[in-house]
Amino acid sequence: MASEKPRYAHPLPERSSRRERTGGPLGSVVGVLGAAAVFASAVVLAVIVQNIGHEMGNLRAKVERDQEEMAKLQERVATLAQGAGRAEKGHEEMAKLQERVATLTGKTDSLQARAERDQDEITKLQERVATLSARAERDHDDIAKLQAQAQKNHDDMAKLQFQAQNDQEEVLSLRERIVVLETQIRGGSVPPNYAEQQQQTSESPEGEDSGPVGDTDVTGAQNNVTKDGGLVRRRSKRDVPNWVRLPAGSGCCQAGRDGRDGRDGAAGTPGLKGEPGQKGDIGPPGEPGAGAKGAKGETGIQGAKGQKGAEGMTGNSGLGAKGSKGETGMQGAKGQKGAQGTPGNNGLGGAVYTRWGRKTCPSGATTVYSGVAGGSYHNHPGGGTNYQCLPTNPQWGRYQDGTQVYSAYMYGAEYEIHTNVPFGSTSLLNHDVPCAVCYVPTRGSKLIIPARNTCPTAWTREYHGYLMAERHNHAGAKEFVCVDEQPEAAQGGQASQNQALFFPVEARCGSLPCPSYVEGRELTCAVCTK
């Protein structure tokens, strides 16, 4: 029995599994490398955006130079067009210049389209940079969390290592004590147990010191209070003696004294993580920090334009003094691309014509102004010989009221339609004649064709109708004009004044090639542009 060794050694818990469960420094390094890669991508994209911006600036400058050159060429074309009748060479050069203008116009359109594509690409790259920046910020927050977790795991590991060192020292102390006890048992010099010490104490004479006695609690049990590693532990001594009785007949052996109390055992395996506690009350505000103010951060990328806010209520009129002028605000975001304009006319300036008999212009033309027809009195041999389209809102300069002898006169014009031909009715007889001045920006030439109601190939018909002029036997001759086939009457003018007059025009055979022309037939007309 004395030679048998008691089981005292317990295997130490494995500590490596705890380290494997933690993030460790490797997780922090991976997070930092990922954030660095994202930041490098954002920097590369910013450089690309800057390069594209420079290239767009160069393209815009080139477009401006081409536009200036095209304007100069257009001026030269206009100059050559004025002298085209004087030199055939001018026609050839003008044709070449027009071809060059067309080429430059196409090149300018191509450059503008390329600039728009580059602008769209820049917008997409800016959106991608903003996305990468947001991702970098999120990765930075994740790295901070991983670093905090790694620091916490490092602290836990240090505590576990310290606890393991204490456990190792305690195991070594227990091994030494066991070796001492085994030596005492083999030599028969085992000290008396606790019960024998109590009995000897009771038999000692009065007045003798009975030795230290443990504290007695209310139940009569003796408690020993010890401290181990800074923790207070209470042990209770029961009435049962802490000693081992040897079997009878051993002869050479007697009951030894109780051994000293053993040390506390090694700490057990940590328990499962408890449920999270309730949220505590908000603590008082902390004292302001004493650290130095950090450096100003770099200017961030301009964010997307926000939505328009709701319109506020109208405020009361303020009574205070007018404030000083505020500083000029930052330039706003680039507006959306406008709708494509109408095709140009290669610098020819557009065409202007008068539509007689109507108050508005046809589709595709712009109404410059509308008015009423006027001219000289039908029997006056003097005055002007052409009809005028007079606006309804005249403007005056220096004037003298009343008719003067040394003057020409302007009268209003009336329809003189005494049959249903050519307009199908006589309802317009003695009504005032309206008119409208029209502008076509896409075509530069105008042509009035008498005796035709269609236009040649490649020409656009603005309107068509019938020729009208002053009566053949009136002294006041007028020009031939083309009145729309569906004429209108001016507002409020239907009294017969017989001043300037509009009569239909008929063909007369003789010098005219009949039968292509027919005696007494009303002549048609068409207004064409190109």
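Residues numbered from 1 in each chain as written. Predicted model: local features only at pLDDT ≥ 70, side-chain atom pairs only at ≥ 80, totals over all residues. Heavy atoms only, no water.

Digging into the overall build of the protein
Inference 1: A tally of helices and strands in the protein yields four helices and 13 strands.
Inference 2: The proportion of buried residues among the 530 residues of the protein is 23%.
Inference 3: Within the protein, residue pairs in contact and separated by at least 24 positions form 71% of the contacts whose partners lie at least 6 positions apart.
Inference 4: With the model as given, the accessible surface of the protein reaches about 39800 Å², and the carbon-plus-sulfur share is 51%. (Helix = DSSP H or I, 4+ residues; strand = E, 2+ residues; numbered from the N terminus. Buried < 20%, exposed > 50% of the residue type's maximum accessible area, 1.4 Å probe, protein only. Contact = heavy atoms within 4.5 Å. Areas by Shrake-Rupley, 256 points an atom, 1.4 Å probe, with all protein chains shown as cover.)

Overview of a nonpolar patch on the surface
Inference 1: A cluster of nonpolar side chains, Phe39, Val43 and Val47, forms an exposed patch at the surface whose accessible area comes to about 270 Å².
Inference 2: In this structure, valine 47 sits in helix H2 (residues 24–82). (Patch = residues over 30% accessible without salt bridge, like charges linked within 9 Å, V, L, I, M, F, W, Y side chains within 5 Å. Salt bridge = Lys/Arg side-chain N within 4 Å of Asp/Glu carboxyl O.)

Quick look at the packing of aromatic side chains
Inference 1: Per the counting criterion, the structure on display carries seven aromatic pairs.
Inference 2: Both rings, one in tyrosine 353 and one in tyrosine 463, keep their centres 6.2 Å apart while their planes meet at 35°; by these two values the pair is tilted. Separated by 110 residues along the polypeptide, tyrosine 353 in strand E4 (residues 351–356) and tyrosine 463 in strand E10 (residues 460–469) bring together distant segments of the chain. (Phe/Tyr/Trp six-rings, centres within 6.5 Å; stacked < 30°, edge-to-face > 60°.)

Some thoughts on unusual backbone geometry
Inference 1: Residue proline 422 follows valine 421 across a cis peptide bond; omega there is 10°.
Inference 2: You can see proline 422 is positioned in the loop between strand E7 (411–415) and strand E8 (434–440).
Inference 3: That bond from cysteine 514 to proline 515 is cis: its omega, 15°, falls within 30 degrees of zero.
Inference 4: Looking at the element boundaries, proline 515 is found in the loop between strand E12 (500–504) and strand E13 (524–529).
Inference 5: A positive phi is found at alanine 458, a non-glycine position, where the angle reads about 80°.
Inference 6: You can see alanine 458 is positioned in the loop between strand E9 (446–450) and E10.

Re the state of the cysteines
Inference 1: One pass over the structure, following the stated rule, counts five disulfides.
Inference 2: Each disulfide pairs two cysteine sulfurs, and for cysteine 361 the partner residue is cysteine 438, the sulfurs being separated by 2.0 Å. Here the S-S torsion is close to -95°, and the disulfide linking cysteine 361 with cysteine 438 is therefore left-handed. Taken together, the residues span a long stretch of sequence, with cysteine 361 in the loop between E4 and strand E5 (366–375) and cysteine 438 in strand E8 at a distance of 77 residues. (Disulfide = S-S within 2.5 Å.)

A short note on the confidence of the model for the protein
Low pLDDT means the predicted atomic positions in that stretch should not be read closely.
Inference 1: Of all residues in the protein, 76% attain a pLDDT of 70 or more, and the chain-wide mean is 79.
Inference 2: Contacts for the low-pLDDT stretch residues 1–22, under 50 throughout, to residues beyond four places or in other chains number 17 contacts.
Inference 3: This stretch, residues 205–251, has a pLDDT under 50; its non-local contacts, to residues over four places away or in other chains, come to 50 contacts. (pLDDT = per-residue confidence, 0-100.)

A word on the nonpolar core
Inference 1: Counting 32 residues, the largest nonpolar core has Tyr353, Trp356, Val483 and Phe502 as the members making the most contacts within it.
Inference 2: For this core, the leading source of residues is E8, giving five residues.
Inference 3: Residues in contact with valine 483, not counting those within four places in the same chain, are Trp356, Gly357, Tyr415, Phe423, Tyr463, His464, Gly465, Tyr466, Met468, Phe502 and Cys525.
Inference 4: Within the second largest apolar cluster, nine residues are counted, among which are Val49, Ile52, Ile122 and Val129. (Core = buried A, V, L, I, M, F, W, Y, C linked by side-chain atoms within 4.5 Å.)

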